[in-house]
Amino acid sequence: MTTVIMRTTARTVVTLILLVAASLFLQGHKQPGGGFIGGVLATTAFALVYVAYDLYFLEERVLGRELASRDSAFGDRTVGAYLRLFTVGIALAAVAGLAPLAFGLPYLSQTYVILEGLPVYHELEVASALAFDLGVFCVVVGAILTVLSVVGAE
């Protein structure tokens, strides 16, 4: 059982961790960072929720699923969702890497598009490497959360 201080701190810190993870994910095509470190950091936020509350909190409160018993929580639903996220990530990373081949370019070649006239940023550069980073992010989050769920349920 955790304390009220731990739970209150977790609510605040999880938000900050997810913001930093999003920032690292988005800067990955220009600077060090990207899908891997963003995924690891996002998974750290979920691990903190697991420690502050428990594994069933995600299933019952966050995802809003009714559980017949606490023993069936991680049978197919949660672990299956994490494995699907992992699979989608692998597929997205593979497609992002193979797409340039259709245009006669080498594997994992990238390009970018500049979006102009945006309200806050005015101009934003979006690289095709973002799709690959998103795939890596999904693979990392899916894999680590699967491990945390299975080990934590034991």
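Everything quoted here is computed from the prediction, not taken from an experiment.

1. Digging into the pairing of strand 2 (residues 122-127)
Of the strand pairs in this sheet, strand 1 (residues 112-118) and strand 2 are connected by six bridges, and their pairing is antiparallel. Looking at strand 2, one finds that Leu 118 is bridged to His 122. The antiparallel pairing of strand 1 with strand 2 creates a hairpin that spans three residues between the two strands.

2. Here we look at the packing of helix 1 (residues 4-26) against helix 2 (residues 35-52)
Any two packed helices are characterised by the angle at which their axes cross and by the distance between the axes. Following both chains from N to C, one finds helix 1 and helix 2 inclined at 170°, their axes separated by 8 Å at the closest point. If you check the angle between helix 1 and helix 2, you find them roughly antiparallel. Contacts between helix 1 and helix 2 pair Met 6, Arg 7, Ala 10, Val 13, Val 14, Ile 17, Leu 18, Val 20, Ala 21, Leu 24 and Phe 25 from the former with Gly 35, Ile 37, Gly 38, Leu 41, Ala 42, Ala 45, Leu 48, Val 49, Val 51 and Ala 52 from the latter. Counted by class, the contact of helix 1 with helix 2 contains 18 nonpolar, two polar and one charged residues.

3. Considerations on the UniProt feature "transmembrane region" (unreviewed entry) in the chain
The feature "transmembrane region" (unreviewed entry), as annotated in UniProt, sits at residues 38-58, 79-108 and 128-151 in this numbering. Across residues 79-108, helical content stands at 67% and strand content at 0%; the span's end C-alpha atoms are separated by 30 Å. Secondary structure over residues 128-151 splits into 96% helix and 0% strand, and the C-alpha atoms at its two ends are 36 Å apart.

4. A short note on unusual backbone geometry
Positive phi is not limited to glycine here, since Leu 108 has a value of about 65°. Relative to the elements of secondary structure, Leu 108 occurs in the loop between helix 4 (77-98) and strand 1. Taking relative accessible area as the criterion, Leu 108 reaches 41% and is therefore assigned partly exposed.

5. A short note on a nonpolar patch on the surface
Together, Val 113, Leu 115, Val 120, Tyr 121 and Leu 124 line one region of the surface with nonpolar side chains, adding up to about 490 Å² of accessible area. For Val 120, the position within the fold is in the loop between strand 1 and strand 2. By relative accessible area, Val 120 is classed as exposed at 66%.

6. Examining helix 1
Between its first and last C-alpha atoms helix 1 spans 34 Å; for 23 residues at 1.5 Å apiece the expected length is 33 Å, and the two agree. Residues of helix 1 that are buried include every one of Ala 10, Val 14, Ile 17, Ala 21, Leu 24 and Phe 25, and no others.

7. Here we look at the side chain of Thr 146
Looking at the element boundaries, Thr 146 is found in helix 5 (residues 129-153). Apart from the residues lying within four places of it in its own chain, the contact partners of Thr 146 are Val 79, Tyr 82 and Leu 83.

What counts and what doesn't
- Residues numbered from 1 in each chain as written.
- Predicted model: local features only at pLDDT ≥ 70, side-chain atom pairs only at ≥ 80, totals over all residues.
- Heavy atoms only, no water.
- Pairing = 2+ DSSP bridges.
- Helix = DSSP H or I, 4+ residues; strand = E, 2+ residues; numbered from the N terminus.
- Axes fitted to C-alpha atoms, helices over the stretch in contact; angles between N-to-C directions.
- Parallel < 35°, antiparallel > 145°, perpendicular 65-115°, else oblique.
- Contact = heavy atoms within 4.5 Å.
- Nonpolar A, V, L, I, M, F, W, Y, C, P; charged D, E, K, R; others polar.
- UniProt positions renumbered as here; feature names shortened; annotations may be inferred.
- Buried < 20%, exposed > 50% of the residue type's maximum accessible area, 1.4 Å probe, protein only.
- Patch = residues over 30% accessible without salt bridge, like charges linked within 9 Å, V, L, I, M, F, W, Y side chains within 5 Å.
- Areas by Shrake-Rupley, 256 points an atom, 1.4 Å probe, with all protein chains shown as cover.
- Salt bridge = Lys/Arg side-chain N within 4 Å of Asp/Glu carboxyl O.
- Expected span 1.5 Å × (residues − 1).

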